[in-house]
Amino acid sequence: MKKVLAALAIGMLLISSLEAAAPKNDPRLELMQDMRTMMDAMEQIQRGGLYSSTDEMKAGVKKLQGTLKSLESEEVKSILPKDQVYAYKFAQKTAQMLRMYSDDMIVSIEAGRMDNALDDYTQLLKQCTSCHIRIRNW
């Protein structure tokens, strides 16, 4: 039992020291976290649409829109390929389109037009896919 506790304590010390050594304000890490949040938001919107939960869809849209600042910022250049000159402008345009479709989705939800809201979801997903295909060379 003492060996298990000692191993656990050593493991916790190692983990905490690694976390302390990691840079706290690394824009790449923050941007990658925003990308994961975008994926979570898209899943939340889809789940809300499938279960007819407009509140969940709106919460997903809000979460998605909260991350768009990172795509619109200069810091996004740190995760974009250096050899693709158009990458920054493309990311900016993608963020603009994501904002437009997500704003339209809110309008559609509030007007009770779920078919239009789900069409907006499809357009959001196309924007995500388009960016990943072009920028990440899939």
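Procedures and definitions
- Residues numbered from 1 in each chain as written.
- Predicted model: local features only at pLDDT ≥ 70, side-chain atom pairs only at ≥ 80, totals over all residues.
- Heavy atoms only, no water.
- pLDDT = per-residue confidence, 0-100.
- Helix = DSSP H or I, 4+ residues; strand = E, 2+ residues; numbered from the N terminus.
- Core = buried A, V, L, I, M, F, W, Y, C linked by side-chain atoms within 4.5 Å.
- Buried < 20%, exposed > 50% of the residue type's maximum accessible area, 1.4 Å probe, protein only.
- Disulfide = S-S within 2.5 Å.
- Salt bridge = Lys/Arg side-chain N within 4 Å of Asp/Glu carboxyl O.
- Expected span 1.5 Å × (residues − 1).
- Arc of directions from axis to C-beta.
- Contact = heavy atoms within 4.5 Å.

When the pLDDT values of the protein are averaged, the result is 83; 81% of them are 70 or greater. Within the protein, the element-level pLDDT minimum falls on helix α1 (residues 2-21), averaging 57, and the maximum on helix α3 (residues 54-72), averaging 93.

Counting residues in hydrophobic clusters, the biggest one holds 26 residues, and the most contacted among them are Ile45, Leu71, Leu80, Met105 and Leu124. Residue contributions to this core peak at ten residues, all from helix α4 (residues 87-110).

Per the stated rule, a full pass over the model turns up zero disulfides. Cysteine Cys128 remains unbridged, with the sulfur of Cys131 as its closest cysteine sulfur at 8.2 Å. Accessibility expressed as a relative area gives 22% for Cys128, which makes it partly exposed.

Next up on the list: the pattern of salt bridges. For the coordinates displayed, the defined rule picks out three salt bridges. Here Lys58 makes a salt bridge to Glu110, at a shortest N to O gap of 3.8 Å. Placement of the pair is Lys58 in helix α3 and Glu110 in helix α4, with a sequence separation of 52 residues. Look at Glu110 and you get exposed, because its relative accessible area is 56%.

Moving on, we come to helix α5 (residues 114-135). Because the α-helix completes a turn every 3.6 residues, residues three or four places apart line up on one side. Given a rise of 1.5 Å per residue, 22 residues ought to cover 32 Å, and the 31 Å separating the end C-alpha atoms of α5 matches this to within 8%. Considered for burial, the residues of α5 that qualify are Ala117, Asp120, Tyr121, Leu124, Gln127, Cys131 and Ile135. Buried residues of α5, viewed axially, fall in a sector of 115 degrees; they line one side. In this fold, the buried residues of α5 make contact with α2 (27-50), α3 and α4.

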